[in-house]
Amino acid sequence: MTRIHLPPITRGLLAATLACTLLNFALRPHSTWVDKVEQPLLAVGNGVPFLAIVPGQSLVYPWVVGLATVVEQNLAGLLVNGAALFYGGRYLERAWGGREFAKFIVVVAVLPNVLTLVLYLAAYAVTASTAPLSTTISGGIALQAAFLVAFKQLVPEHTVAIAKGLVRMRVKHFPAIFLAANTLSGVVLGTETALFLGCFGFLTAWVYLRFYRRTPSLDSAATGDGAVVRGDASDTFAFAHFFPEPMQTPLARFADGLYNVLVSLGVCTPFSADDIDAGNDQASARAEGGLPSIMNPDSRGGGGGAARAEAERRRALALKALDQRLHAAAAARTAAPAASASEPSHALGGTNYEPERPDAPTQPV
């Protein structure tokens, strides 16, 4: 049996999610323990203020803006977020290293919770309704959205087989599908909190990876300041490229306008032409680097990298053979006119030409 090794941060996140979810379940208000047994982790809401974010009660517990991410309110959320942490966390922690992965987790766990909390407080201030103050804000929806954004950056063309290969989908399509599913669920089922967390998680992860995260350059010749790349200015990681092609043009205009505003406010540093070229080179290097499969991160440089290397080898051999054929054809074309031009020169040039006898000695060239 293959032993599954989890990196330390991913292992800690999984343990914290399980422990905090069970603790919240045990402490959240119910009339009797019979109600808890009849609804085992299936109810939504009723978060404990010092574990999850309850806008009307949690302001005195500042740590909940981070802790709420590992508190699920129902069994379905626990299973889904556990799977996301197991596969996504394990993959990203191995790809980035523990330190960079930890910084990413802090950013995408805290900021979406804070933004959602501010949104509910603003709703209370505008409507004077107490409903936003009693809403529970918790769960790993923001982490799930952030992981999909990171996968879009690292392995956009990787294909994931679902339902034993009946459905095959590229990773680059996952963020848009995730946002669409959360939007539909928020409108139809009333899960607007998950919708807000998912959208803020997506935007936070994209802004962080696009403009702020520092990564080692994949160019072996890079030295000094060029050995570290800030952000990801590649064309394929632009905001509009997360969505289907019919939507990309209007979204690109909107994103460019927002980007110009952020640059004028000093929030973002404008990309230069060299930054864009470096970002595109980084994206190409990642595609050629043979990153491991998302579902099996232990197989680093495995099937995907071997298949890509084999394809490149065959392409190089085909180009070499084609080049040899072109050179041979070009040599044949240049030799034919030279031979035909040399024969009339003896016949029409006014000189006496005597063919060389077979037994004549050969002169050295």
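Parameters and conventions
Residues numbered from 1 in each chain as written. Predicted model: local features only at pLDDT ≥ 70, side-chain atom pairs only at ≥ 80, totals over all residues. Heavy atoms only, no water. UniProt positions renumbered as here; feature names shortened; annotations may be inferred. Core = buried A, V, L, I, M, F, W, Y, C linked by side-chain atoms within 4.5 Å. Buried < 20%, exposed > 50% of the residue type's maximum accessible area, 1.4 Å probe, protein only. Helix = DSSP H or I, 4+ residues; strand = E, 2+ residues; numbered from the N terminus. Contact = heavy atoms within 4.5 Å. Phe/Tyr/Trp six-rings, centres within 6.5 Å; stacked < 30°, edge-to-face > 60°. Axes fitted to C-alpha atoms, helices over the stretch in contact; angles between N-to-C directions. Parallel < 35°, antiparallel > 145°, perpendicular 65-115°, else oblique. Nonpolar A, V, L, I, M, F, W, Y, C, P; charged D, E, K, R; others polar.

Looking at an unreviewed UniProt entry, one finds the protein named Cytochrome c oxidase subunit I, with Didymella exigua CBS 183.55 as its source organism. UniProt lists a comment for the protein under the heading Subcellular location (unreviewed entry), and it reads "Membrane".

1. Here we look at the nonpolar core
One finds Leu92 and Phe104 to be the most contacted residues of the largest nonpolar core, which totals 53 residues. Of all the elements in the fold, those that place two or more residues in this core are α1 (8-27), α4 (75-96), α5 (98-127), α6 (141-154), α7 (174-188), α8 (192-212) and α9 (245-264). Among the elements that take part in this core, α6 stands out by supplying ten residues, more than any other. With residues up to four places along the chain from it excluded, the contact list for Phe104 reads Leu92, Trp96, Ala146, Phe147, Ala150, Ala205, Tyr208 and Leu209.

2. Description of the UniProt feature "transmembrane region" (unreviewed entry) in the protein
The UniProt entry lists residues 60-89, 101-125 and 195-212 under the feature "transmembrane region" (unreviewed entry), expressed in the numbering used here. Note that residues 60-89 is 63% helix and 0% strand, and that its end C-alpha atoms are spaced 30 Å apart. Helix makes up 100% of residues 195-212 and strand 0%, whereas the separation of the span's terminal C-alpha atoms amounts to 25 Å.

3. Notes on the side chain of Thr193
Note on placement: Thr193 falls in helix α8. Ignoring sequence-local partners within four residues, the contact set of Thr193 consists of Tyr120, Thr135, Thr136 and Ile137.

4. Structural notes on the packing of aromatic side chains
This structure, assessed with the given rule, holds 18 aromatic pairs. Geometrically, the ring pair formed by Tyr120 and Phe196 is edge-to-face, given 6.0 Å between the ring centres and 70° between the ring planes. With Tyr120 in helix α5 and Phe196 in helix α8, this pair connects stretches of sequence that are 76 residues apart. Tyr120 gets classed as buried once you look at its relative accessible area, which sits at 7%.

5. Describing the packing of α4 against α5
Taken N-terminus to C-terminus, the directions of α4 and α5 make an angle of 130°; their axes are 6 Å apart at the nearest point. Classified by the angle their axes make, α4 and α5 are oblique. Here Gly89, Leu92, Glu93 and Trp96 of α4 lie close against α5, whose contacting residues are Gly98, Glu100, Phe101 and Phe104. Broken down by class, the residue content of the contact of α4 with α5 amounts to four nonpolar, two polar and two charged.

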